[in-house]
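# Fold and geometry: a report
One letter stands for each residue in the lines below.
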Amino acid sequence: MPANRQIALLDHYRQSARDLPWRYPPGHDGPRDPYRVWLSEIMLQQTSVATVTTRFARFLERWPTVEALAAAPLDDLLAEWAGLGYYARARNLHACAQAVVAMGGFPDSEAALRQLPGIGDYSAAAIAAIAFGRPATVIDTNVERVIARLHALDRPVRSDRKRIRALADDLYSGAPAGEMAQALMDLGATICRPANPACHLCPLSTDCAAYASGDPASFPPRPPKKVRPERFGTAWWIRRDDRLFLVRRPARGMLGGMAALPGPEWQDGAPPACKAVSVRHVFTHFALTLRIEERDDPSGLEGWWHPLDRLDEAGLPTLYARAAERMLA
DNA sequence: AACTCGGGGAG
DNA sequence: CTCCCAGAGTT
């Protein structure tokens, strides 16, 4: 019997919805642009609202339609994506745009959306619900956390997905899915936060088992963290006059397809002691120490000379942007 | 089911 | 420092 929870959530949302650049406000009854919804959902995958807010408008201004994006060179899209991380998203975004144009527009069902590159379970449900008003159970990490707390689930989310799915289906049942999804995500971001949840502001607190337990922040339990391995590598700083030699990384894998400083593949292990200039960069599953070595000959390398005064337009991912910043300081 | 894949912001 | 974020694809 989720009706009371749904009413409490939707009422609270209509009162306090965040005003976000990609969002249609609660109660919006006009046409919706699936391109905007899709783009925002891909950008927001594992990326905070604050970060996306600074990049969404510029991206949309450069490519206002899915047709424009499909026609753009992939390298331009990757350069625009630089600094956002998880670059497979940008490669899949391009492939998805071309598929959508080829089929004459975005499909409006969750199942058909799910078949497109870069659109997984979450994004398919979110786009179907938010852009097309379809019923769908939209489950992201916010929804998982809210449900884990409502029911005081005592297993890590990763090993309790089936139960969370069933509880989420029930929570969404019969309600407008797009508004429910956004209500739950706002709740998770602003009230039912991972740490220091603001239960005194929560419209569901009287119905929440974790709140009743007295220690809501302990739900859901976090899996044990694992150690982050070390890697090291070398990047070559090859400068002639006012230009720098850059290369493009292999299409798949780490920083796939991105502009970069040339250099050999990175190695496992702790970096050898060295006084040379180096930058340290922490990725999700390893930490890298990149030594920067000056060279004057790019022979044997495939790349291009890039003007140093326009390096910010080269589309370097953050690791190499920091390395260049260090060398130019 | 476990890995791979970035980076920034908050505490 | 640590943790987390509107996850997806591969193995």
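Parameters and conventions
- Think of each chain on its own: its residues are numbered from 1, step by step along the sequence as written.
- A letter from A marks each chain and a number from 1 marks each ligand, given out in the order of writing.
- For this predicted model, a pLDDT threshold of at least 70 governs which residues receive local features, and a threshold of 80 or more governs which side-chain atom pairs are given and counted, while totals over whole chains, interfaces and linings are taken from all residues.
- Hydrogen atoms and water are omitted, and side-chain values are computed over all heavy atoms in the structure.
- UniProt positions are given in the numbering used here, feature names are shortened, and annotations may be inferred rather than shown by experiment.
- Aromatic pairs are defined between Phe, Tyr and Trp rings, using the six-membered ring for Trp, whenever the two ring centres lie within 6.5 Å; interplanar angles under 30 degrees are classed as stacked, those over 60 as edge-to-face, and all others as tilted.
- Strands here are runs of E lasting at least two residues and helices are runs of H or I lasting at least four, both read from the DSSP assignment and numbered beginning at the N terminus.
- The buried label applies to any residue whose accessible area, calculated with a 1.4 Å probe on protein chains only, is under 20% of its type's maximum; exposed applies above 50%, and partly exposed to all values in between.
- Here, over-ring charges are defined by two tests on the NZ atom of lysine or the CZ atom of arginine: distance to the ring centre within 6 Å, and angle to the ring normal within 35 degrees.
- Counted as salt bridges are all cases of a side-chain nitrogen of Lys or Arg within 4 Å of a carboxyl oxygen of Asp or Glu.
- Any residue with a heavy atom lying within 4 Å of a molecule or strand is counted as near it.
- In protein, a polar contact requires one atom able to donate a hydrogen and another able to accept it; more generally it is a pair of N or O atoms within 3.5 Å, and residues adjacent in sequence count only if both atoms are side-chain atoms.
- Under the grouping applied here, Gly and all other residues not named as nonpolar or charged are polar, the nonpolar ones being Ala, Val, Leu, Ile, Met, Phe, Trp, Tyr, Cys and Pro and the charged ones Asp, Glu, Lys and Arg.
- The pairing criterion is simple: DSSP has to find at least two bridges between the two strands.

The name given to chain A in an unreviewed UniProt entry is Adenine DNA glycosylase, with Sphingomicrobium lutaoense as the source organism. Looking at the Catalytic activity (unreviewed entry) heading of the UniProt record, one finds this comment for chain A: "Hydrolyzes free adenine bases from 7,8-dihydro-8-oxoguanine:adenine mismatched double-stranded DNA, leaving an apurinic site." Per its UniProt entry, chain A bears the Sequence similarities (unreviewed entry) comment "Belongs to the Nth/MutY family."

Applying the stated rule across the entire model yields nine aromatic pairs. Where Trp38 meets Phe106, the ring centres are 5.3 Å apart and the plane angle is 55°; that geometry is what we call tilted. Remark: Phe106 occurs in the loop between α6 (88–102) and α7 (110–114) and Trp38 occurs in helix α2 (residues 34–43); sequence separation between them is 68 residues. Here Trp38 and Phe106 have matching classes, each one buried. The aromatic ring of Phe286 is capped on one face by Arg231, whose charged end is 3.9 Å from the ring centroid. Above the face of the Trp236 ring, Arg295 is positioned so that its terminal group lies 4.0 Å from the ring centre.

Our focus in this paragraph is the pattern of salt bridges. In the structure shown here, the tally under the stated rule is 19 salt bridges. Two residues, Glu179 and Arg14, come together in a salt bridge whose shortest N-O distance is 3.4 Å. You can see Glu179 sitting in helix α11 (residues 177–190) and its partner Arg14 sitting in helix α1 (residues 3–16), a full 165 residues away along the chain. One salt bridge in this structure joins Arg18 and Asp186, with 2.8 Å as the shortest N-O distance. One end of the pair, Arg18, is in the loop between α1 and α2; the other, Asp186, is in helix α11, with 168 residues separating them in the sequence. Several salt bridges share partner residues, and in doing so they unite Arg18, Arg23 and Asp186 into one network.

This next bit is on the protein's contact with DNA strand C. Around DNA strand C sit 27 residues in total, of which Glu41, Gly118, Tyr122, Arg145 and Arg222 are the nearest. Counted by atom, the contact set of DNA strand C within 4 Å of the protein is 66% sugar and phosphate. Between Glu41 and DNA strand C, the recorded distance is 3.0 Å, taken from a side-chain N or O atom to a base nitrogen. Between DNA strand C and Thr141 there is a distance of 3.4 Å, counted from a phosphate oxygen to a side-chain nitrogen or oxygen. When its residues are assigned to classes, the surface near DNA strand C shows ten nonpolar, eight polar and nine charged.

Take the pairing of strand β6 (residues 287–295) next. Along any regular strand, the residues point their side chains to alternate faces of the sheet. Bridging between strand β1 (residues 230–240) and β6 involves nine bridges; their strand directions are parallel. Bridge pairing in β6 places Arg231 opposite Leu288. Bridge count between strand β5 (residues 278–282) and β6: five bridges; the pairing is antiparallel. The partner of Val282 across the bridge, within β6, is Ala287.

On to the UniProt feature "domain: HhH-GPD" (unreviewed entry) in chain A. This chain's UniProt record puts "domain: HhH-GPD" (unreviewed entry) on residues 43–190. Helix makes up 66% of residues 43–190 and strand 0%, with an end-to-end C-alpha separation of 20 Å.

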